[in-house]
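Architecture and fold: a report
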Amino acid sequence: MFRRLLLLALLALPLPLAAQDRHITVASTTSTEQSGLFGHILPIFTRETGIAVRVVALGTGQALDVGRRGDADVVLVHDRVAEQRFVAEGHGVQRQSVMFNDFVIVGPEADPAGIAGSSDTAAALKRISEAGAPFISRGDRSGTHAAERRLWQQAGVDPVAGRGTWYREIGQGMGPALNTAAAQAAYALTDRATWLSFRNRQGLRILVEGDARLFNQYGVMLVNPQRHRHVKQAEGQRFIDWIISPAGQAAIAGYSINGAQLFFPNAAQDEPGG
């Protein structure tokens, strides 16, 4: 009788944590979170695999720092140069392309720099600087911020010279940057997905788009389990394998807002620029 009661008591004990709560942590960008993409695709992944996903949404630079500390299992961001460095330094394993969209320059309807309708990003940024028109920068080491800095360089403009006057760095995410641009009738660079899901546009509209230099690629990497032994290698790799699989790519392609597709899967394709 005693043995039977002991057996029943043992069976009543909670299951080990791994059995009760299969989950991974993904460090990613504010654009994938704020656009609603993760809210659409992650439930599909969890239904198919039984693995829950916890998202830490930050700028790309900060998300990569989370991966460097081993505080995430997977990193999904959008700065290819920084991603390749992350892998080369041994923090991540085999970067994979996932999807793309593009950046756009938004600004006030009054358009004091006269850039509306342009598809030449460099020329548009140069006109903004020459006009001394207000420009809001995220200034947060995000993928968007990195892209913006490259674009200023291509335009032959050092925006830091305009800091405190027309060039304003806020050190925050895309949503707050767009809110600030709307409140101050300023220009800003934004990924299209966040723009499409952004509601507080006020007088802002898309002024520059269609330049190949505005291409915005996303990549995914497993945090190196040899450097951080607690990384959930099997579950993290399962997520990566799923998001680049036909099922995961279809889930990405199936997400839209008001009929507009926000992200375009390209795991099986070569990215522009190599």
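Scroll up to find the structure.
Residues numbered from 1 in each chain as written. Predicted model: local features only at pLDDT ≥ 70, side-chain atom pairs only at ≥ 80, totals over all residues. Heavy atoms only, no water.

1. Points about helix α12 (residues 246-253)
The condition that has to hold: Summary of the burial criterion: residues with accessible area below 20% of their type's maximum are buried, those above 50% are exposed, and those between are partly exposed, where the area comes from a 1.4 Å probe applied to protein chains only. Strands here mean DSSP runs of E at least two residues long; helices mean DSSP runs of H or I at least four residues long; both are numbered from the N terminus. By construction, the arc corresponds to the directions joining the helix axis to the C-beta atoms.
All buried positions along α12 are accounted for by Gly248, Gln249, Ala251 and Ile252. The arc that holds every buried residue of α12, seen down its axis, measures 155°, which confines them to one face.

2. Some points on the layout of surface pockets
Filter applied, for reference: Of the two site types, the cavity is a set of points on a 1 Å grid over the protein atoms alone where a 1.4 Å probe fits but cannot get out, and the pocket is an open set with protein on both sides within 12 Å along at least five of seven lines, each lined by residues with an atom within 4 Å of a point. Grid points are joined across faces, edges and corners, and a volume is the space filled by probe spheres set on the points. Ten residue types, Ala, Val, Leu, Ile, Met, Phe, Trp, Tyr, Cys and Pro, are classed as nonpolar, four, Asp, Glu, Lys and Arg, as charged, and the remainder, Gly among them, as polar.
Reported here for the second largest pocket is a volume of approximately 230 Å³. Lining the second largest pocket we find 13 residues, and of these Asp79, Ala82, Arg85, Ala146 and Arg149 sit closest to its centre. Counting residues per element, the lining of the second largest pocket draws most heavily on helix α5 (residues 60-68), which supplies four residues. A breakdown of the residues in the lining of the second largest pocket according to their chemical character gives four nonpolar, three polar and six charged.

3. A short note on the packing of aromatic side chains
The condition that has to hold: To pair, rings of Phe, Tyr and Trp, with the six-membered ring standing in for Trp, must have centres within 6.5 Å; the planes then decide the type, stacked if under 30 degrees apart, edge-to-face if over 60, and tilted in the middle. Distance and angle both matter: a charge sits over a ring if NZ of Lys or CZ of Arg is within 6 Å of the ring centre and within 35 degrees of the ring normal.
Per the counting criterion, the structure on display carries eleven aromatic pairs. An angle of 75° between the planes, with centres 5.2 Å apart, marks the rings of Phe135 and Trp152 as edge-to-face. Note that Phe135 is positioned in strand β5 (residues 135-137) and Trp152 in helix α8 (residues 143-154), a separation of 17 residues in sequence. Exposure class is identical for Phe135 and Trp152. Each is buried. Taking the ring centre of Trp195 as reference, the NZ or CZ of Arg201 above it sits at 4.4 Å.

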